[in-house]
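Take a look at the letters that make up each chain.
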Amino acid sequence: MHNLWKTSFESIAGCPYPVFRQDLPYSSLFYAPGYLAVARPQVADELAHQLASPAPGLFAARRLHEQAQAALQRWEDTYRPRPF
């Protein structure tokens, strides 16, 4: 059995948004704030590759981009300095 407590999500190399990956024995998890995708090992590397693209073709990659962009926008809207 895989011990989830000893693993962590890592950022996707080349991805311009906060999207993270965790590899498990029989799948890979891809996380953006508000969205979790599970990929079979056969497609996980392609999904990670597409996440580094500005216009990914896979639905899951597009959805992860959208969710990450929305999270960044919410962060900016919440924490952007405002004039008095």
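Preceding this paragraph is the structure being described.
Since this is a predicted model, take the numbers as computed values, not measurements. (Residues numbered from 1 in each chain as written. Predicted model: local features only at pLDDT ≥ 70, side-chain atom pairs only at ≥ 80, totals over all residues. Heavy atoms only, no water.)

Undergrad: Summarise the overall build of the protein; cite the residues concerned and give the values.
TA: For the protein, the count of helices and strands is 2 helices and 4 strands. Across the protein, helices and strands are ordered from the amino to the carboxyl terminus as β-β-β-β-α-α. For the protein, the C-alpha atoms occupy an extent of roughly 55 × 30 × 20 Å along the three principal directions. Total accessible area computed for the protein in this model is approximately 6100 Å², and 59% of it derives from carbon and sulfur atoms. One way to put it: in the protein the 8 positive side-chain charges average out to a point 6 Å from where the 7 negative ones average out. (Helix = DSSP H or I, 4+ residues; strand = E, 2+ residues; numbered from the N terminus. Areas by Shrake-Rupley, 256 points an atom, 1.4 Å probe, with all protein chains shown as cover. Lys, Arg positive; Asp, Glu negative; His and termini not counted. Charge placed at Lys NZ, Arg CZ, Asp CG, Glu CD.)

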